[in-house]
Amino acid sequence: MMQLVFFLEGPSEEALLKGLLPKFIPDHVNLRYVVFEGKQDLEKRLVKRMRGWCLPDTRFVVLRDKDAGDCVVIKNRLQGLCREAGYEDALVRIACHEIESWYLGDLSAVEQGLHISGIAKHQNKAKFRDPDRLANAAKELATITKRCYQKVSGSRKIGPCLALEGNTSGSFNVFISGIQRITSEAEHA
Amino acid sequence: MRIETIRLKNFKAFKDINMRDIPSFCVVVGANGTGKSTLFDVFGFLKDCLTYNIKKALQGRGGFNEVLSRDAETRQIEIEVQFRLNISDTERLVTYHLCIEEKDRQPVVKREILRYKRGVYGSPYHFLDFSLGNGYSITNEEDFNIEDKNLEREEVTLDSSDLLAIKGLGQFSRFKAASAFRQLIENWQVSDFHINLARGAKDAAGYDEHLSITGDNLQLVARNIKDNHPDIFEKIKAAMTSRVPGISDVSTKDTEDGRLLLSFQDGAFTDPFIDRYVSDGTIKMFAYLILLYDPKPHPLLCVEEPENQLYPKLLWELAEEFRDYTQRGGQVFVSSHSPDFLNAMQLEEVFWLTKEKGYTAIKRASDDPQLSAYMTEGDQMGYLWKEGFFSGVDPQ
C-alpha cells in the first residue's frame, strides 16, 4: 500500500488536508501527516524524520508557507534537505504566501465552510483573482469573514468545501496537480 | 470595552510595572512564583474593594503590609487601569487611578481619579476625583459640547475614607465611565475550576446563566444552554464528540429525587455514563466549552493554566475558542505553562513575567525584535519559548 506522507509546518495545514485530500486521493493510498511546530522546526528535523522513516513505498510531500521568504530559495533549500535524506523524489510545495491564500482563491468554499454569506461575490475583485500576490492573506481572510476564521477550526471547516478546479490561487493548483501526478505515477509504476 | 494598560506600583511583587497595549486575548507565561496569579489578583483586589471596602480587600490578602511591596520606597499602593470605552459615540481612553496608603494605621484611599480627554487636544479631564473620602464628580459628562467651565460638579463626602467613590457613584448610569468600570470589575470572573465540585448530581431547582468560579453549577448552566440555546448546545456536543474519543452524545438528566446530572453517551455502550464516572479531562473539556460558548461573555475573564488535564493536541483549538470568545465581546487573560497552547498564539497576544532582584518585570513578545522576526518567518510562539527565546523567563 502506498504511503503518502505530508510534512507540515503546523496543525492548520493538517486540518485542511484531512478535509481536502480524501476528495481525490484513491482509497488505496494511505495518508499520514507529520506536524511540526513552525518553519524552523520543520527544517531542523526534516532530514532526521525522513531518513529514519521505516515504511516502504512512501512518497513524501513537504508543504510550507512562503510568508516573507523567497519562493525559489525556500523550495531549493527544502529540496536539498529531501535529497540529503535520500528522498530526491519528495514533492516540495510552497503555499503563496500562506494557505489562507488558497481559501481566498475559492471564496464560495469559505462561505460554505464557515456558514457565512455575501463574500463569494468578491471573487472577481483584483486581489481575489490572484490571491497569491497578497502578502497577508490570513489577515485579509480574517477581515472579510469578520474574524470568524481561525486557523485550525477554520481550515477544518473550509477544507472539505474547496473545489479542485477553478481556484484562483496558482500555488493551490500547483499543489493539487503535484499530488495528482505522484499518486497516478504510483498507480502506473 | 477593553483594558489597554495596567500600571502597578508597590502591589506585592509588582514594584513598578507598566503592561501596555494589552490585546483582547492575552496570555501570560512565567516560571512558578513570578506573579501570574498576582497579576490576575489585581482585578480580584479591585472587586473586593468595590464589593466591601479597601480595608477588607487588604485584610483578605494579609493586610496592608503584606500587599505593599517589600522595601517599597513610598508606602503607597498604586493601581492604574486604562480602558477603551465608547462614550457618546466616541471611543475614549479612560484612566482609573487608585492610590492607597495608611493613615493612623488604617488603610485609606489617598486618591481616586477617573479621567479622560474630552477632545483630541488638551489634557485629560478629571470626571471623578476623590481624596480621603472627599471629592467631586461631574454629573453631565456626556455633554461634550459644553465648555469645561460649564460642567457641573457635585461635591460628595463618602461615608468612610476606605470606600471607593465608584462603589457609590458607579451605581448611577449618568456617571458613564464610573459605572462602566464598576460593571467591568463586578462582572470580572476568574475561572478556578474544581473538577470534583463540578461532578455529581446537583439540585435541579435553579437557573444559572454563567458557569461559577469553581464550576459547581456546570449541570445547571448546561441545561440552560440546552433548553434556551439549542444551536449552541449542538456545537458544544459536536466539539465534545470530535475531541473525546468514544463520546457520542452529552445531555443533562433529571433524576427522580429532583436533582440534575450530566450523562455522557459512549457509542460502544447502550447506557450512558453519569458525570461521576467520566474522566477528569472529559469534565474539564465540557466545562471549558460551556464557559467559552456562553451566549453572554463576561466582560473580563481570567483563566489559570487551562491546559491542565487536557490532551496537548486539543489546546490549539481551545486557544482559538478563547479568541472567539473575545470576538463576541469579552476580554480574556490566560496564564499558561503549555508550549502547545502557546503555539496557537499570535505575537501580540503573548507576555511573559521575569523576576529581577525580587520584583516582577513584564515583557511583551512584540517588543522583542528577534521574536517578531521569527514569527514573520513562520515560527510558533510555544516552539520559540521552548528554544529559549523568551529572555529571562526560565528559572535560573
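Residues numbered from 1 in each chain as written. Chains lettered and ligands numbered in written order. Predicted model: local features only at pLDDT ≥ 70, side-chain atom pairs only at ≥ 80, totals over all residues. Heavy atoms only, no water.

## Examining the overall build of chain B
Each helix and strand counted, chain B has 13 helices and 18 strands in total. The C-alpha atoms of chain B give a radius of gyration of 23 Å, which matches the 21 Å a tight globule of 396 residues would have. Across its three principal axes, chain B shows a C-alpha extent of roughly 75 × 50 × 45 Å. A total of 396 residues make up chain B; the buried ones form 56% of that total. At a minimum sequence separation of 6, the contacts of chain B that also span at least 24 residues come to 57%. In the form shown here, chain B has an accessible surface area of approximately 17500 Å², with 45% of it arising from carbon and sulfur atoms. (Helix = DSSP H or I, 4+ residues; strand = E, 2+ residues; numbered from the N terminus. Rg over C-alpha atoms; globule rule 2.2 N^0.38 Å. Buried < 20%, exposed > 50% of the residue type's maximum accessible area, 1.4 Å probe, protein only. Contact = heavy atoms within 4.5 Å. Areas by Shrake-Rupley, 256 points an atom, 1.4 Å probe, with all protein chains shown as cover.)

## Things to note about helix H1 (residues 36-51) of chain B
Since the α-helix turns once every 3.6 residues, residues separated by three or four places project in the same direction. Residue and element names in this part refer to chain B. The end-to-end C-alpha distance of H1, which contains 16 residues, comes to 23 Å, matching closely the 22 Å that a straight helix rising 1.5 Å per residue would cover. The sharpest bend along H1 comes to roughly 30 degrees, located at Val-42. With respect to burial, H1 is a largely interior element, 12 of its 16 residues being buried. For H1, every residue scored as buried is listed here: Lys-36, Thr-38, Leu-39, Phe-40, Asp-41, Val-42, Phe-43, Gly-44, Phe-45, Leu-46, Cys-49 and Leu-50. (Expected span 1.5 Å × (residues − 1). Bend = angle between axes of the 7 residues up to and from the residue.)

## Some details on the interface of chain A and chain B
The partner chain B presents 18 residues to the 20 residues of chain A that form the contact. The contact between chain A and chain B buries some 1600 Å² in all, and 37% of this surface belongs to carbon and sulfur atoms. The three residues of chain A that bury the most area against chain B are Glu-37, Gln-40 and Gln-150 of chain A, which together make up 41% of that side's buried surface. Taken together, the connections running from chain A to chain B amount to four salt bridges. A salt bridge links Lys-313 of chain B to Glu-14 of chain A, with the shortest nitrogen-to-oxygen separation between them at 3.4 Å. For the interface between chain A and chain B, the tally reads 15 residue pairs in polar contact (both at pLDDT 80 or more). Going through the elements one at a time, helix H1 (11-20), helix H2 (39-51) and helix H8 (151-158) of chain A are the ones with two or more residues in the side of chain A that touches chain B. (Buried area = accessible area lost by both parts, 1.4 Å probe. Salt bridge = Lys/Arg side-chain N within 4 Å of Asp/Glu carboxyl O. Polar contact = N/O pair within 3.5 Å; in protein donor to acceptor, adjacent residues only side chain to side chain.)

## Thoughts on the pairing of strand S3 (residues 58-65) of chain A
All names here are of chain A. Burial within S3 is extensive, with eight of its eight residues counted as buried. Residues Thr-58, Phe-60, Val-62 and Arg-64 point to one face of S3 and Arg-59, Val-61, Leu-63 and Asp-65 to the other, with burial holding for every one of them. Here strand S1 (residues 2-8) pairs with S3 via six bridges, running parallel. Residue Leu-4 lies in a different strand from S3, and its bridge partner there is Arg-59. Read as a crossover between parallel neighbours, the route from S3 over helix H3 (residues 71-84) to strand S4 (residues 91-95) is right-handed. (Pairing = 2+ DSSP bridges. Right-handed = clockwise from strand over helix to strand, strands pointing away.)

## Re H1 of chain A
Here H1 of chain A lies mainly inside the structure; nine of its 10 residues are buried. Every buried residue of H1 of chain A is listed here: Pro-11, Ser-12, Glu-13, Glu-14, Ala-15, Leu-16, Leu-17, Gly-19 and Leu-20 of chain A.

## Quick look at the sheet that holds strand S17 (residues 350-356) of chain B
Residues and elements named next belong to chain B. Overall, mixed pairing links the six strands, which are arranged S10-S15-S16-S3-S17-S18 in an open sheet. Strands with a single pairing partner mark the edges of an open sheet, and in this sheet they are strand S10 (189-191) and strand S18 (359-364). Ignoring strand direction, the axes of neighbouring strands in this sheet form an average angle of 20 degrees. Across four bridges, the pairing between strand S3 (residues 25-30) and strand S16 (residues 331-335) is parallel. When the sheet's bridge partners are listed, Val-28 is paired in S16 with Ser-335. Helix H10 (residues 315-327) contacts S3, strand S15 (300-304) and S16 of the sheet and is inclined by roughly 150 degrees relative to S16. (Axes fitted to C-alpha atoms, helices over the stretch in contact; angles between N-to-C directions.)

## Digging into the pattern of salt bridges
Scanning the entire structure with this criterion turns up 42 salt bridges over all chains. Among the salt bridges present, the one from Arg-61 of chain B reaches Asp-41 of chain B, with a minimum N-O distance of 2.7 Å. With Arg-61 of chain B in the loop between helix H2 (54-59) and helix H3 (64-67) and Asp-41 of chain B in helix H1, this residue pair connects regions lying 20 residues apart in the sequence. Across the pair, exposure class does not vary: Arg-61 of chain B and Asp-41 of chain B are buried alike. Taken together, the salt bridges that share partners define one network made up of Arg-59, Asp-89, Arg-181 and Glu-185 of chain A.

## A short note on the pairing of strand S5 (residues 90-103) of chain B
Residue and element names in this part refer to chain B. In the sheet, strand S4 (residues 76-87) pairs with S5 via 12 bridges, with the strands oriented antiparallel. Within S5, the position partnered with Ile-79 by the bridge is Leu-98. Taken together, S4 and the strand that follows it, S5, pair antiparallel across an intervening segment of two residues, in which Ser-88 is found at a positive phi of about 50 degrees. In this sheet, strand S6 (residues 106-116) lies alongside S5 in antiparallel orientation, the contact comprising nine bridges. Its bridge partner lying in S6, Cys-99 is registered against Arg-111.

## Thoughts on the packing of H1 of chain B against helix H5 (residues 176-186) of chain B
Residues and elements named next belong to chain B. Where H1 meets H5, the closest approach of the two axes is 9 Å, and the angle between their N-to-C directions is 115 degrees. Accordingly, the angle class assigned to the pair H1 and H5 is roughly perpendicular. Where H1 crosses over H5, the two elements pack in a sense that is left-handed. Every residue of H5 that contacts H1 at Phe-43, Leu-46, Lys-47 and Leu-50 is listed here: Phe-181, Arg-182, Ile-185 and Glu-186. Residues of the contact of H1 with H5, tallied by class, amount to five nonpolar, no polar and three charged. (Parallel < 35°, antiparallel > 145°, perpendicular 65-115°, else oblique. Left-handed = near helix turned anticlockwise from the far one by under 90°. Nonpolar A, V, L, I, M, F, W, Y, C, P; charged D, E, K, R; others polar.)

## Quick word on the nonpolar core
Residue and element names in this part refer to chain B. Judged by nonpolar contacts, the single largest core of 66 residues is most densely connected at Met-19 and Phe-333. At eight residues, H1 tops the list of elements feeding residues into this core. Setting aside anything within four residues of it in sequence, one finds Phe-333 in contact with Ile-6, Met-19, Ile-22, Cys-26, Phe-40, Phe-43, Leu-300, Leu-301, Cys-302 and Val-303. Formed by 62 residues, the second largest nonpolar core is a distinct cluster that contains Phe-25, Leu-211, Leu-218 and Ile-232. (Core = buried A, V, L, I, M, F, W, Y, C linked by side-chain atoms within 4.5 Å.)

## Digging into the packing of H2 of chain A against H3 of chain A
Residues and elements named next belong to chain A. Across the interface, H2 lies against H3 with an axial gap of 8 Å and an inter-helix angle of 30 degrees. In terms of their interaxial angle, H2 and H3 are classed as roughly parallel. Taken as a pair, H2 and H3 cross one another with a handedness that is right-handed. Together, Glu-43, Leu-46, Val-47, Met-50 and Arg-51 of H2 and Arg-77, Leu-78, Leu-81, Cys-82 and Glu-84 of H3 make up the contact between the two elements. When grouped by side-chain class, the residues that make up the contact of H2 with H3 number six nonpolar, no polar and four charged.

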